[in-house]
Amino acid sequence: PTTLVSGGFGADVAGQFNLIQRIIARPVAIIGSSASIVLMSESSRALRAGEPIRPVLVACLRRLTTLTLVVFVPIAVIGPWAVPMVLGEGWSASGTYLLALLPGVAADFIVIPVFPLLGLVERLWTQLAGSVLRIGLVASAIMGFAEAGISATTMMLGVSGASIVAGVFGLVMCWRGTASERLQIGRAHV
């Protein structure tokens, strides 16, 4: 997305966008990756035991949602003034950009770790469609707002909205993919 932001809004906005991504999105991606590994391990164990995996999904979503509140609410409170204080006044817009991007990053923090579950339940095409949808929505938000001449902050809110929409799609597909009846019937034939 940074390249698209640069093309639509200039190098200054792209630099600040990239900075916020580095400060927020990348570190939480590490936590999300760990959560995904645990989810896949527990789900695989449940499938091998002939148990439904939806309870594993629900437990993971509860933990991720709780962790999201614990991590992102303080960031929303202190981030807008802390970013320019640490980096200097030239980065003052980054605090506002942080607030605009935070809802989407929080949604990604919850959804991206559970999305690989679709591969486990043999819904790879759905997983691919969700990934393509996310990329398309984010790119469309960036370029659409740039083409319309709308502010960078509003564009970043649009990127957050795109991430949330893609996240809802991903959660619905994971929920449907973990329908216990379908998986138990599949296990009965093995």
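See the structure above.
Keep in mind it's a predicted model, so treat the numbers as computed, not measured.

Caption draft 1: Seen up close, the packing of helix H6 (residues 124-148) against helix H7 (residues 152-177). Contact geometry for H6 and H7: axes closest at 8 Å, N-to-C directions at 165°. The angle between H6 and H7 places the two elements in the roughly antiparallel class. As for how H6 packs across H7, the hand of that crossing is right-handed. Of the residues in H7, those touching H6 at Thr-126, Ala-129, Gly-130, Leu-133, Arg-134, Leu-137, Val-138, Ala-141, Ile-142 and Phe-145 are Thr-154, Met-155, Gly-158, Val-159, Ala-162, Ser-163, Val-165, Ala-166, Phe-169 and Met-173. Within the contact of H6 with H7, the residues separate by chemical class into 14 nonpolar, 5 polar and 1 charged.

Caption draft 2: Local environment of the packing of helix H3 (residues 54-87) against helix H4 (residues 92-111). Across the interface, H3 lies against H4 with an axial gap of 9 Å and an inter-helix angle of 175°. When the interaxial angle is binned, H3 and H4 end up roughly antiparallel. Facing Leu-61, Leu-64, Thr-65, Leu-67, Thr-68, Phe-72, Ile-75, Ala-76, Gly-79, Pro-80, Val-83 and Pro-84 of H3, the residues of H4 in contact are Ser-92, Ser-94, Gly-95, Leu-98, Leu-99, Leu-102, Val-105, Ala-106, Phe-109 and Ile-110.

Caption draft 3: Examining the state of the cysteines more closely. Tallied over the entire structure, the rule returns 0 disulfides. This cysteine, Cys-60, is not joined by any disulfide, and Cys-174 carries the nearest cysteine sulfur, 9.8 Å off. Using a relative accessible area of 9% as the deciding quantity, one classes Cys-60 as buried.

Caption draft 4: Spotlight on a nonpolar patch on the surface. A surface patch of nonpolar side chains, amounting to about 990 Å² of accessible area, comprises Ile-23, Leu-69, Val-73, Val-77, Ile-78, Trp-81, Met-85, Val-86, Leu-87 and Trp-91. No other element matches H3, which puts 8 residues into the nonpolar patch. Mapped onto the elements of the fold, Leu-69 is located in helix H3. Given the relative accessible area of 54%, Leu-69 is considered exposed.

Caption draft 5: Quick peek at the nonpolar core. Counting 47 residues, the largest nonpolar core has Val-5, Phe-9, Ile-24, Phe-72, Val-114 and Met-156 as its most contacted members. Elements represented by at least two residues in this core include exactly helix H1 (2-9), helix H2 (11-48), H3, H4, helix H5 (117-120), H6 and H7. Top contributing element to this core by residue count: H2, with 11 residues. Setting aside chain neighbours within four positions, we find Val-5 in contact with Gly-10, Val-13, Ala-14, Phe-17, Ile-142 and Met-155.

Caption draft 6: Representation of the packing of aromatic side chains within the structure. Tallied over the full model, the rule gives 1 aromatic pair. Ring geometry for Phe-72 and Phe-109: centres 5.7 Å apart, planes at 65°, overall edge-to-face. Here the residue Phe-72 occupies a position in helix H3, and Phe-109 occupies one in helix H4, the gap between them amounting to 37 residues. Take Phe-72 and Phe-109: they sit in the same class, and that class is buried. Over the face of the ring belonging to Trp-175 we find Arg-54, whose NZ or CZ atom lies 4.0 Å from the ring centre.

Caption draft 7: Highlighting H4. Over its 20 residues, H4 runs 30 Å from end to end, which matches the ideal 28 Å to within 8%, given 1.5 Å per residue. At Leu-101, H4 is bent by approximately 40°, the largest bend along its length, and proline Pro-103 sits one to four residues beyond. Of all 20 residues making up H4, 15 are buried, and the element is well covered by its neighbours.

Caption draft 8: Highlighting the side chain of Asn-18. Checked against the element boundaries, Asn-18 lands in helix H2. For Asn-18, a relative accessible area of 18% corresponds to the buried category. Excluding residues that lie within four positions of it along the chain, Asn-18 makes contacts with Thr-2 and Arg-26.

Conventions adopted
Residues numbered from 1 in each chain as written. Predicted model: local features only at pLDDT ≥ 70, side-chain atom pairs only at ≥ 80, totals over all residues. Heavy atoms only, no water. Axes fitted to C-alpha atoms, helices over the stretch in contact; angles between N-to-C directions. Helix = DSSP H or I, 4+ residues; strand = E, 2+ residues; numbered from the N terminus. Parallel < 35°, antiparallel > 145°, perpendicular 65-115°, else oblique. Left-handed = near helix turned anticlockwise from the far one by under 90°. Contact = heavy atoms within 4.5 Å. Nonpolar A, V, L, I, M, F, W, Y, C, P; charged D, E, K, R; others polar. Disulfide = S-S within 2.5 Å. Buried < 20%, exposed > 50% of the residue type's maximum accessible area, 1.4 Å probe, protein only. Patch = residues over 30% accessible without salt bridge, like charges linked within 9 Å, V, L, I, M, F, W, Y side chains within 5 Å. Areas by Shrake-Rupley, 256 points an atom, 1.4 Å probe, with all protein chains shown as cover. Salt bridge = Lys/Arg side-chain N within 4 Å of Asp/Glu carboxyl O. Core = buried A, V, L, I, M, F, W, Y, C linked by side-chain atoms within 4.5 Å. Phe/Tyr/Trp six-rings, centres within 6.5 Å; stacked < 30°, edge-to-face > 60°. Lys NZ or Arg CZ within 6 Å of the ring centre and 35° of its normal. Expected span 1.5 Å × (residues − 1). Bend = angle between axes of the 7 residues up to and from the residue.

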